[in-house]
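Descriptive structure summary
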Amino acid sequence: MNINGKTQLFGIIGHPVTHSLSPAMHNAALMAMGINGVYVPMDTTDPATGVAGLRTLGFVGISVTVPHKVAVMEHLDEIDPVARKIGAVNTLLFRRKPGEEEVVVRGFNTDWLGSNLALADRIQLAGSRVLVLGAGGAAKGVCFGLVEAGAEVIITNRTEEKGRGLAAWLGCDFIPSDQLGKVRADALVNTTSVGMEPNSADIAVNPNLLDHFSVVMDIVYAPLQTRLLQEAERAGCQTIDGLSMLLNQAAVQLKIWTGKRPPLDIMRRALEDELARRKSGGNISAPKDI
Ligand code: ATR
């Protein structure tokens, strides 16, 4: 890599970000796209000074991860209407108007597109029925995307009140976890952290129910083959692993930043290589980085 005065700056802000897989994926993409750019992880507890610094230093594109996806919004100049509706931003674009000093910072949300694109590889979303496990920040993006694409969404969550709240916001159904046996759907999506290392023997749904679904998607990617995905395969379901959403939301980010089509296959390989590298180093932490 030849870093010089024309190198474009990209990165991720969050706290913590040391675990993030995004640098491996984005740097592989930038190189394959022939872009003179570099993508770095930047740990900050303060999105206000973080955005001010990035603005001054001439950054082009930034990923925003937990815990700043909501707090960062008040420090931006423009917010994409869909991101405003979701109430969270995971992507920043910095633009300098030609001949002007002023930098305009615009926020987007690509998480919901990431999960839609991952699922749309296997099922036609419009008119499909999808059961979503969980009602946190990740579930919000996933469910929003599904509703936007015309799917019928059913939400279940350990804390019923939170699940009912998300369902009401989206205008979809909630089902208590003790009644899941009644649900049959095209897809099941786990948005909870259940099954994540070091608790990889855990599973968010009774495995005996998995044959009620054609496709099962997990957003946990450490381990890559979660117990949920293993049991789903055994039950004859098609499976989508946790890297798919991460990969697809990143591809949309790169499109926003560069205007070019990103190389999904190269990005996927970079993610798998990075996971394997960490595994062999034996000190992988287990985040959900979207
Ligand atoms: P994120 O932003 O990653 O979605 P979050 O907002 O903390 O994180 O949400 C985590 C989701 O995983 C929630 O739906 C949570 O259920 P509760 O609302 O009951 O907390 C769910 N979750 C986490 N650990 C869980 C567990 N052990 N069993 C069931 N659900 C769990």
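Here's a quick rundown of the structure. If you're wondering where the values come from, they're calculated on a predicted model, not measured in any experiment.

Structural notes on the nonpolar core
Leu-119, Val-132, Leu-146 and Ile-155 are the most contacted members of the largest nonpolar core, which totals 31 residues. Contributing elements (two or more residues each) for this core: helix 4 (111-120), strand 7 (129-133), helix 5 (137-148), strand 8 (152-156), helix 6 (160-170), strand 10 (185-190) and strand 11 (213-218). If you tally residues by element for this core, the top one is helix 5, at six residues. Each of two domains, domain 1 (8-110 + 245-280) and domain 2 (112-244), supplies a minimum of three residues to this core.

Observations regarding the sheet that holds strand 11
Spatial strand order, 9-8-7-10-11-12: six strands in an open sheet with parallel pairing. Across the chains shown, the open sheet's two edge strands, defined by having one partner strand only, are strand 9 (173-174) and strand 12 (238-240). Here strand 8 pairs with strand 9 via two bridges, running parallel. Residue pairing in the sheet places Ile-154 in a bridge with Asp-173 of strand 9.

Some words on the packing of aromatic side chains
We describe a pair of aromatic rings using the distance from one ring centre to the other and the angle between the two ring planes. The tally for this structure, following the rule as stated, stands at four aromatic pairs. A centroid spacing of 6.2 Å and a plane angle of 40° characterise the contact between Tyr-39 and Trp-257, whose relative ring orientation is tilted. Pair noted here: Tyr-39 is in strand 2 (residues 37-43) and Trp-257 is in helix 8 (residues 242-258), with a separation of 218 residues, a long-range link. For the residue pair Tyr-39 and Trp-257, the accessibility class agrees, reading buried in each case. Taken together, the ring pairs in this structure connect Phe-10, Tyr-39 and Trp-257 into an aromatic cluster. Over the face of the ring belonging to Trp-169 we find Lys-140, whose NZ or CZ atom lies 4.8 Å from the ring centre.

Overview of the pattern of salt bridges
Following the criterion strictly, the structure yields 13 salt bridges and no others. Of the charged contacts in the structure, one is a salt bridge between Lys-69 and Asp-111, with a shortest N-O distance of 2.8 Å. On the criterion of sequence distance, the pair formed by Lys-69 in the loop between strand 3 (61-64) and strand 4 (78-79) and Asp-111 in helix 4 is long-range, its members being 42 residues apart. Relative accessible area serves as the criterion here: at 12%, Lys-69 is assigned to the buried category. The partner of Asp-241 in a salt bridge is Arg-268, with the nearest N and O atoms 2.5 Å apart. Taken as a pair, Asp-241 in the loop between strand 12 and helix 8 and Arg-268 in helix 9 (residues 264-281) lie far apart in primary sequence, 27 residues in all.

Definitions and cut-offs
- Residues numbered from 1 in each chain as written.
- Predicted model: local features only at pLDDT ≥ 70, side-chain atom pairs only at ≥ 80, totals over all residues.
- Heavy atoms only, no water.
- Core = buried A, V, L, I, M, F, W, Y, C linked by side-chain atoms within 4.5 Å.
- Buried < 20%, exposed > 50% of the residue type's maximum accessible area, 1.4 Å probe, protein only.
- Helix = DSSP H or I, 4+ residues; strand = E, 2+ residues; numbered from the N terminus.
- Domains from an automatic or database assignment.
- Pairing = 2+ DSSP bridges.
- Phe/Tyr/Trp six-rings, centres within 6.5 Å; stacked < 30°, edge-to-face > 60°.
- Lys NZ or Arg CZ within 6 Å of the ring centre and 35° of its normal.
- Salt bridge = Lys/Arg side-chain N within 4 Å of Asp/Glu carboxyl O.

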